[in-house]
Protein chains: 2
Amino acid sequence: MEEEAAAELRRLRDSIDNMDAALVHLLAERFKITQQVGDLKARHGLPPADPEREAQQISRLRALAADARLDPEFAEKFLTFVVAEVVRHHEAALRDSAESSIHIGRRGVGQ
Amino acid sequence: MEEEAAAELRRLRDSIDNMDAALVHLLAERFKITQQVGDLKARHGLPPADPEREAQQISRLRALAADARLDPEFAEKFLTFVVAEVVRHHEAALRDSAESSIHIGRRGVGQ
């Protein structure tokens, strides 16, 4: 590959690396918020998944993607991918919450 | 669910929606850049996938994720998910480029 093309590839990859760092930090913040949602749901006995909310999110993100000239199919796959991870976290939070209740319950009956 | 908890859930979901809009727009820009990478690779006959580059990206993103308290496993799965989509685009660009060459070649021999 010519020197010029190699320099161009490096330049483009530097930009990709910057965007990936931004994406990872945004995802970290997003998970901090969904963890709060998970705690709230666990405290109120709400199910981890919410199909109606997910349908609204998918429809909204597909429209945003189309405006930004991103393949709406990819935007939907991306959200499904992230939500699957979030639901996994919520289920773990629910299990932890249930285990705490059992321990409290046992203490409550004198164990 | 009490009114207060419902209001808190709405507030958290509004923040998630804002972050998802930011994520979609960042991903749209990232694909614009990887499209340029794909065009460059296709012009220079480079393979769409680059395992060495991917290994560097994964290692870097895992470290960034750990610093940001995001599960490094998730960061790696996320990158693999995005790169798979990018490689799919690059392969399509290579096919388009090969088809153009064939057409030019045919014109070149008088067809």
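Residues numbered from 1 in each chain as written. Chains lettered and ligands numbered in written order. Predicted model: local features only at pLDDT ≥ 70, side-chain atom pairs only at ≥ 80, totals over all residues.

## Quick notes on the overall build of chain A
No. 1: The helix and strand tally for chain A stands at three helices and zero strands.
No. 2: Along the chain direction, N to C, the helices and strands of chain A fall in the order α-α-α.
No. 3: Evaluated residue by residue, chain A yields a buried proportion of 20% over its 111 residues.
No. 4: Across chain A, every contact between residues at least 6 apart in sequence was considered, and the portion connecting residues at least 24 apart equals 55%. (Helix = DSSP H or I, 4+ residues; strand = E, 2+ residues; numbered from the N terminus. Buried ≥ 20, exposed ≤ 12 C-beta atoms within 10 Å, placed from the backbone. Contact = placed C-beta atoms within 7 Å.)

## Some remarks on the relation of the copies chain A and chain B
No. 1: Of the transformation placing chain A onto chain B, the axial shift is 0.0 Å and the rotation is 180°, giving an RMSD of 0.0 Å. The operation mapping one copy onto its partner corresponds to a two-fold rotation axis. Scanning chain A for the C-alpha nearest the rotation axis identifies Leu 23 of chain A, at a separation of 3.3 Å.
No. 2: A share of 100% of the interface residues of chain A reappears at the interface of chain B, consistent with the copies meeting face to face through the same patch. (Least-squares fit on C-alpha atoms with pLDDT ≥ 70 in both.)

## Re the nonpolar core
No. 1: The biggest cluster of nonpolar side chains holds 24 residues, and the ones touching the most others in it are Val 24, Leu 70 and Ala 75 of chain A together with Val 24, Leu 70 and Ala 75 of chain B.
No. 2: Of all the elements in the fold, those that place two or more residues in this core are helix H1 (3-43), helix H2 (51-67) and helix H3 (72-108) of chain A together with helix H1 (3-43), helix H2 (51-67) and helix H3 (72-108) of chain B. (Core = buried A, V, L, I, M, F, W, Y, C linked by C-beta atoms within 7 Å.)

## What to know about H2 of chain A
Residues and elements named next belong to chain A.
No. 1: A rise of 1.5 Å per residue sets the reference length of H2, with its 17 residues, at 24 Å; its end C-alpha atoms lie 25 Å apart and thus fit the reference within 8%.
No. 2: Every buried residue of H2 is accounted for by Gln 57, Leu 61 and Ala 65. With its buried residues spanning 65° around the axis, H2 presents them on a single face. In H2, the exposed positions angled more than 90 degrees off the buried face are occupied by Glu 52, Ala 55, Ser 59, Ala 66 and Asp 67. (Expected span 1.5 Å × (residues − 1). Arc of directions from axis to C-beta.)

## Notes on the interface of chain A and chain B
No. 1: Listed per partner, the contact involves 39 residues of chain A and 39 residues of chain B.
No. 2: Among the secondary structure elements, those contributing two or more residues to the side of chain A that touches chain B are H1, H2 and H3 of chain A.
No. 3: The dominant element in the side of chain A that touches chain B, judged by the number of residues it contributes, is H1 of chain A, at 24 residues.
No. 4: Each residue belonging to the side of chain A that touches chain B can be placed in one class, and the counts come to 27 nonpolar, six polar and six charged. (Nonpolar A, V, L, I, M, F, W, Y, C, P; charged D, E, K, R; others polar.)

## Some remarks on the environment of Lys 41 of chain A
Residues and elements named next belong to chain A.
No. 1: Mapped onto the elements, Lys 41 comes out in helix H1.
No. 2: Between the C-alpha atom of Lys 41 and that of Ala 93, which follows or precedes it by 52 residues, the distance is 9.2 Å.
No. 3: Leave out the neighbours within four places in its chain, and Lys 41 touches Leu 46, Pro 48 and His 90.

## Re the environment of Leu 40 of chain B
No. 1: Assignment of secondary structure puts Leu 40 of chain B in helix H1.
No. 2: It is 9.9 Å that separates the C-alpha atoms of Leu 40 of chain B and His 90 of chain B, two residues lying 50 residues apart in sequence.
No. 3: Among residues more than four places away in sequence, those in contact with Leu 40 of chain B are Ala 5, Glu 8 and Leu 9 of chain A.

## Comments concerning the environment of Leu 70 of chain A
No. 1: Position of Leu 70 of chain A among the secondary structure elements: in the loop between H2 and H3.
No. 2: Once the C-alpha coordinates of Leu 70 of chain A and Asn 18 of chain A are considered, the two residues, 52 residues apart in sequence, prove to be 19 Å apart.
No. 3: Excluding its chain neighbours within four sequence positions, the residues that come into contact with Leu 70 of chain A are Ala 65 and Ala 75 of chain A together with Val 24, Leu 27, Ala 28 and Phe 31 of chain B.

## Focus: unusual backbone geometry
All names here are of chain A.
No. 1: Of note, Arg 69 is a non-glycine position whose phi angle comes to about 60°, a positive value.
No. 2: Mapped onto the elements, Arg 69 comes out in the loop between H2 and H3.
No. 3: The exposure class assigned to Arg 69 is exposed, which follows from the 10 C-beta atoms found within 10 Å.

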